[in-house]
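Residues per chain are reported as follows:
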Amino acid sequence: MILPYDDTYFMKRAMQEAEVAFEKGEVPIGAVIVVQDRIIARAHNLTEQLNDVTAHAEMQAITAAANFLGGKYLRDCTLYVTLEPCQMCAGALYWSQIPKIVFATADPQRGCGVMGTKLHPKTEMVGGIMENEASALLKRFFIQRRSLN
């Protein structure tokens, strides 16, 4: 039996990934990719751990989902991510042909919307799901980081 999950359910799973990143000292961004109400990829930022500027949560999730599906296109999937994707991630999402991106909080400095990055013409973007929670976690991380320096 398939249960009718909603955007909040999946964003909570992305927030769990963001919490894992926070505990590892990574910028707390989490992502999950869903197909037919099933999570097929979970990821969080790993840029510090892997010493790789491209190891964003979205990039990790795209790779995991493509491996799961056995192909490079994510045409039937939805990405849930706790922060609006940056230009790099938006570019990768464009090429993946993902039809829907749901993000929690906007990134007014580096988000793909502010930077004018184009998504695939068939991609729908929805923001604001669990915005307060995601924003609070990011603020807590950066306050904590500044107090350590």
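Structure shown above.
Calculation notes
Residues numbered from 1 in each chain as written. Predicted model: local features only at pLDDT ≥ 70, side-chain atom pairs only at ≥ 80, totals over all residues. Heavy atoms only, no water. Disulfide = S-S within 2.5 Å. Salt bridge = Lys/Arg side-chain N within 4 Å of Asp/Glu carboxyl O. Helix = DSSP H or I, 4+ residues; strand = E, 2+ residues; numbered from the N terminus.

Asks: An account of the state of the cysteines is needed here, citing residue identities and associated values.
Replies: Tallied over the full model, the rule gives 0 disulfides. The thiol of Cys77 is unpaired, and the distance to the nearest cysteine sulfur, on Cys89, comes to 16 Å. With no disulfide of its own, Cys112 lies closest to Cys86 among cysteine sulfurs, the gap being 8.2 Å.

Asks: Provide a residue-level description of the pattern of salt bridges, including the pertinent values.
Replies: Under the criterion given, the structure shown has 2 salt bridges. Lys100 serves as the salt-bridge partner of Asp7, at 3.9 Å between the closest nitrogen and oxygen. Here Lys100 lies in strand S4 (residues 100-105) and Asp7 lies in helix H1 (residues 7-23), a separation of 93 residues in the sequence. We note a salt bridge from Glu19 to Arg140, for which the minimum N-O separation is 3.7 Å. With Glu19 in helix H1 and Arg140 in helix H6 (residues 131-148), this residue pair connects regions lying 121 residues apart in the sequence.

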